[in-house]
Amino acid sequence: MSEELATRLQAVSIFSFLSPEERQKIASLGQVEHYPRGAVLFRQGDPGDKFYVILSGQIRVWAHEPDGRARVLNYHTAGDFFGELALFTDKPRSATVDVVHDVELVSFNKEAFEQILTLHPRIGQYMRTWVQERMRISNRPFPGKQWDEVAVAFARKHWIALVESLWPLAIALLVGVGLVVVLYVLGSTRAAAIASLISFLLLFVWGWWLYVDWINDDYIVTTKRVIHIERVLFIREERHEAPLEQIQNVTIETFGTLARILDFRDLVIHTAGLGPITFARLPKAERIKNLIFNVRKAALERRAAEEKGQIRQVIREKLELPG
């Protein structure tokens, strides 16, 4: 059993760099567990005594805010890990974890967890870095964020999009410099100085506006939808979004050698009934594409598990079976 488990652990990112013998050792420290949909693995405030790695299925992490409202913090699927924070800090669980799709996982008690970190310090470093990045993204607010929605990626246009928008500014700068030079040649020193000052102020404001316009747009992928927020400073704001379930395909369009060298693409998200949503001039487009497919698969699994649970509940009620 431990040999089979060691092979399956190869698909887990924190163990993927280990040798087969090292994964075999880690597998011998773990315990395989199965939980059905609706099961609660632990609750907010419980002592932290285990670390978990998911082999299949899906869990949900949620917590009560100080005002009493519930908020989903994350969803985890096969290959993910959770429960490490309480073991790192020796504090109670900061959230509740329940099962949204029948789950198979490996649990490691505190002693096994500490043994793993002692044998492989790199795993602990990876965990801490990953947790910080995961929390930074998932905790980041955005307009219209829902209580059960978790952001998994934020992106903006590649810097080449800013460079492309600066061409008119560069032409205006050359024209301004030419005008100032002409005025100096004609002996109009005062007029040249005034023209220089006005040109500088106008070009500075224009450049600042272009920069803010570049950083002001958002490409967002969440556990429920994809969102493109296009803002034109002081003028308008457009929002295009689609639920993950309505995404039919995601394609990447590349424009020339420069795009391949600098790694920016147009990511086109094809939807059912809502038209395409384009993440234009997107850096690392392939990674975002794969991420969209992964979160879409997880969302469909949650939907299927929920519908299956509803069918079971209806059958129990009709047969008057205990819930």
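Look above for the structure.
Now for a description of the structure that goes with this document. (Residues numbered from 1 in each chain as written. Predicted model: local features only at pLDDT ≥ 70, side-chain atom pairs only at ≥ 80, totals over all residues. Heavy atoms only, no water.)

1. Notes on the overall build of the protein
Going by this rule: Helix and strand assignments follow DSSP, with helices taken as H or I runs no shorter than four residues and strands as E runs no shorter than two, numbered in order from the N terminus. For the radius of gyration, the atom set is restricted to C-alpha positions; the globular benchmark scales as 2.2 Å times the number of residues to the power 0.38. Only protein chains enter the accessibility calculation, which uses a 1.4 Å probe; a residue whose area is less than 20% of its type maximum is buried, one above 50% is exposed, and one in between is partly exposed. Contacts: residue pairs with any heavy atoms within 4.5 Å of one another.
Broken down by element type, the protein carries 10 helices and 13 strands. Its C-alpha atoms give the protein a radius of gyration of 27 Å, clearly above 20 Å, the size a compact globule of 323 residues would have. C-alpha atoms of the protein, sized along the principal axes, occupy 95 × 55 × 45 Å. Within the protein, buried positions represent 41% of all 323 residues. Nonlocal contacts in the protein, meaning residues at least 24 apart in sequence, comprise 63% of its contacts between residues at least 6 apart.

2. Topic: the sheet that holds strand S7 (residues 151-155)
Definition in use: Two strands qualify as a pair provided DSSP detects at least 2 bridges between them. Angular values range over 0 to 180 degrees, each being the angle between N-to-C directions of two axes fitted as lines to C-alpha atoms, with helices fitted over their stretch in contact.
Taken together, the four strands give an open sheet; going across it, the order is S7-S8-S9-S10, and neighbouring strands pair in antiparallel fashion. Each edge of the sheet is formed by a strand with only one pairing partner; in this case those strands are S7 and strand S10 (236-243). On average, adjacent strands in this sheet sit at an angle of 15° to one another, irrespective of strand direction. Bridge count for strand S8 (residues 218-222) against strand S9 (residues 225-232) is four bridges, and the pairing is antiparallel. Note on S9: the bridge partner recorded for Asp218 is Ile229.

3. Here's the deal with the pairing of strand S13 (residues 277-283)
With five bridges joining them, strand S12 (residues 264-271) and S13 adopt antiparallel strand pairing. Its bridge partner lying in S13, Phe264 is registered against Pro283.

4. What to know about helix H2 (residues 20-29)
This is how it is decided: The arc in question is the one traced by the directions running from the helix axis out to the C-beta atoms.
Of all the residues in H2, the buried ones are Arg23, Ile26 and Ala27. Down the axis, H2 shows its buried residues gathered within 105° of arc, on one side only.

5. What to know about the side chain of Thr271
The criterion, for reference: As used in this structure description, the phrase polar contact means that two N or O atoms lie within 3.5 Å; if the pair is within protein, one of them must be able to donate a hydrogen and the other to accept it, and residues adjacent in sequence are counted only when both atoms belong to side chains.
On the secondary structure map, Thr271 appears in strand S12. We classify Thr271 as buried; its relative accessible area is 9%. A polar side-chain atom of Thr271 sits 3.4 Å from the main-chain amide nitrogen of Leu274. Among all residues touching Thr271, those that are not within four sequence positions of it are Ala242, Gln246, Ile247 and Gln248.

6. A word on the sheet that holds S13
Sheet architecture is open: three strands sit in the order S11-S12-S13, paired in antiparallel fashion. Whereas interior strands pair on both sides, the edge strands pair on one side only; in this sheet they are strand S11 (247-253) and S13. This sheet shows a mean twist of 20° between the axes of neighbouring strands, independent of strand direction.

7. A word on the packing of H2 against helix H4 (residues 110-119)
Stated formally: Small angles under 35 degrees read as roughly parallel and large ones over 145 as roughly antiparallel, with 65 to 115 read as roughly perpendicular and the rest as oblique. Handedness of a crossing is defined here by the sense of rotation of the near helix relative to the far one, left-handed for an anticlockwise turn of less than a right angle and right-handed for a clockwise turn. Lys, Arg, Asp and Glu make up the charged group, whereas Ala, Val, Leu, Ile, Met, Phe, Trp, Tyr, Cys and Pro make up the nonpolar group; the residues left over, Gly among them, are polar.
Two elements in contact, H2 and H4, have axes separated by 10 Å at closest approach and are oriented at 165°. The angle between H2 and H4 falls in the class roughly antiparallel. Crossing of H2 over H4 shows right-handed handedness. Counted together, Lys25, Ile26 and Leu29 of H2 and Ala112, Gln115, Ile116 and Leu119 of H4 form the full contact between these two elements. For the contact of H2 with H4, the per-class residue count stands at five nonpolar, one polar and one charged.

8. Thoughts on the pairing of strand S4 (residues 70-77)
The pairing of strand S3 (residues 50-64) with S4 spans seven bridges and is classified as antiparallel. Following the sheet pairing, Ile59 is matched in S4 by His76. Counting the residues between successive antiparallel strands, the hairpin from S3 to S4 contains five residues, one of them, Gly68, with a positive phi of roughly 95°.

9. Here's the deal with the environment of Ser188
Here Ser188 shows up in the loop between helix H7 (167-185) and helix H8 (189-215). For Ser188, a relative accessible area of 29% gives the class partly exposed. On a C-alpha basis, the gap between Ser188 and Pro66 in space is 68 Å, while along the polypeptide they are 122 residues apart.

10. As for unusual backbone geometry
One non-glycine residue, Arg281, adopts positive backbone phi at about 50°. Despite not being glycine, Lys284 shows a phi value in the positive range, around 50°. With respect to the helices and strands, the residue Lys284 is situated in the loop between S13 and helix H10 (285-318). Under the relative-accessibility criterion, Lys284 is labelled exposed at 53%.

11. Comments concerning the pattern of salt bridges
Here the idea is simple: oppositely charged side chains can pair when their charged atoms come close. This is how the line gets drawn: Salt bridge criterion: a side-chain nitrogen from Lys or Arg within 4 Å of a carboxyl oxygen from Asp or Glu.
Inspection of the entire model under this criterion finds 21 salt bridges. A salt bridge links Glu33 to Lys50, with the nearest nitrogen and oxygen atoms 3.1 Å apart. Of this pair, Glu33 sits in strand S1 (residues 31-35) while Lys50 is found in strand S3, placing the two residues 17 residues apart along the sequence. With a relative accessible area of 25%, Lys50 lands in the partly exposed category.

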